Structure formats: structure tokens, C-alpha cells
Amino acid sequence: MTKRPNILLTGTPGVGKTTLGKELAERTGLMYVNIGELAHEGQFYDGYDEEYHCPVLDEDRVVDELDQKMIEGGVIVDYHGCDLFPERWFHIVFVLRTDNTQLYTRLEDRGYTGKKLQDNVQCEIFQTIYEEAMEAYSEEIVHQLPSNTPEDLEKNLEQLIQWTEQWIKDHN
């Protein structure tokens, strides 16, 4: 059986993780997992956050649910956080980054307002997700990708496809 890599796509909400992840899965045959959708389908929640108006993820149940798939390999995980996942799961981590003014507009279009909107934009400004990734994983596997334009999306897709193909060649 061919070994295939596990990839983490992370970044602030609205940076394009889902668009990139779904397209990458379609072009490479890897399995795409959106943690928000997985949690919703399995009701992997541990309460509700009144301040941000969203359910609180039950991280242990999510990790338990995914562990066997991750051991088998060939999974693209899409989530706006990264420190909940075991380091052993991923062969590479991509942190998508978006210009703050574009991100603000994207989040407003999603219905984000007030503190939730401001905190997510600040998270991007202060590189919070990138710093989390650098602390949670080996620096050699963490990479930042710009995600502002359709051209960025195509360039990122090409880069990730090339990386995936090379990884498969090197490990089989």
C-alpha cells in the first residue's frame, strides 16, 4: 500500500483553508477533513461560548475520532487552531496568511461582528496561529503561505501538489 502524507492547513478563519483543502484533496486524492464539519456531524462539543456565539470544541473527542485515519495517512486537516493535534500526525503544516483589510471584509461577509471580528483580525495581525504552529511542531515542517488572491490560491495549490508528489516518491 502506498504511504501518503498528512497535511495540516491552518490559519485565522477566513484565510482560505477550506477552499485550498478541498481543491488539494480533489487534485491529489488525499482525504479532506474540516474539523468544524467533523465536530458538527459527531456533536464533538463541550459547551457553548456565549462571548463568541459558537460551540466549544471537545478536542479529546476530535483527536480520538481522527487518530486511526491519521495513522493510515493521506489526510488533509483544515482547522483554525493547531496545538490540539499530536505532533506525530503531520508531515507538513501550512499556515495561510491574509492581508488584514481583506480578512476583515471576508469575516464581515460571514457575519462576524464585534469582539469576534476584532479578535480574529488581531489574531492575524499578531501572527497568533503561526506562533502556535511553530511551538506545536518542528520548525522545519511549518510554512506560511500568502492567501490574498486567486493567483495565490493557484500558486499554493501547485506548490502543495508538487510537495505531495515528492513526498510520496520519497517514502514509497
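Residues numbered from 1 in each chain as written. Predicted model: local features only at pLDDT ≥ 70, side-chain atom pairs only at ≥ 80, totals over all residues. Heavy atoms only, no water.

> Explain the overall build of the protein chain to me, and be specific about the residues and the numbers.
Along its length, the protein chain carries seven helices and seven strands. Listed by position from the N terminus, the elements making up the protein chain come as β-α-β-α-β-β-α-β-β-α-α-α-β-α. With respect to the principal axes defined by its C-alpha atoms, the protein chain has extents near 50 × 35 × 30 Å. Accessible surface, the protein chain as shown: approximately 9300 Å² in total, 46% of it carbon and sulfur. Here the protein chain holds 15 positive side-chain charges and 34 negative ones, and the gap between their average locations is 5 Å. (Helix = DSSP H or I, 4+ residues; strand = E, 2+ residues; numbered from the N terminus. Areas by Shrake-Rupley, 256 points an atom, 1.4 Å probe, with all protein chains shown as cover. Lys, Arg positive; Asp, Glu negative; His and termini not counted. Charge placed at Lys NZ, Arg CZ, Asp CG, Glu CD.)

> Please set out the pattern of salt bridges residue by residue, giving values where relevant.
Inspection of every chain in the model, using the stated rule, returns six salt bridges. With a shortest N-O distance of 3.1 Å, R27 and E154 are connected by a salt bridge. With R27 in helix 1 (residues 17-28) and E154 in helix 7 (residues 150-170), the pair connects residues that are 127 residues apart, well separated along the chain. Among the ionic pairs, D119 bridges to K115, the shortest N-O distance being 2.9 Å. Of this pair, D119 and K115 both sit in helix 5 (residues 114-125), four residues apart, which is roughly one turn of the helix. Linked through salt bridges whose partners overlap, the residues forming this network are E23, R27 and E154. (Salt bridge = Lys/Arg side-chain N within 4 Å of Asp/Glu carboxyl O.)

> Break down the packing of helix 2 (residues 35-42) against helix 3 (residues 59-72) for me, with residues and values.
A pair of packed helices can be characterised by two numbers: the angle between their axes and the separation between those axes. In the contact formed by helix 2 and helix 3, the axes pass within 11 Å of each other and the chain directions differ by 100°. Compared by their axis directions, helix 2 and helix 3 come out roughly perpendicular. Contacts from I35, L38 and G42 of helix 2 reach helix 3 at R61, V62, E65 and L66. Considering only residue class, the contact of helix 2 with helix 3 consists of four nonpolar, one polar and two charged. (Axes fitted to C-alpha atoms, helices over the stretch in contact; angles between N-to-C directions. Parallel < 35°, antiparallel > 145°, perpendicular 65-115°, else oblique. Contact = heavy atoms within 4.5 Å. Nonpolar A, V, L, I, M, F, W, Y, C, P; charged D, E, K, R; others polar.)

> Please set out the sheet that holds strand 5 (residues 75-79) residue by residue, giving values where relevant.
Pairing is parallel in the open sheet, where five strands are placed in the order 2-5-1-6-7. Looking at strand neighbours, the two that pair on one side only are strand 2 (31-34) and strand 7 (142-146), the edges of this open sheet. Strand-to-strand twist of the sheet, defined as the mean angle between neighbouring strand axes without regard to direction, takes the value 20°. Strand contacts of helix 1: strand 1 (7-10), strand 2, strand 5 and strand 6 (92-97), with the helix running at about 170° to strand 5, the strand carrying the most contacts. (Pairing = 2+ DSSP bridges.)

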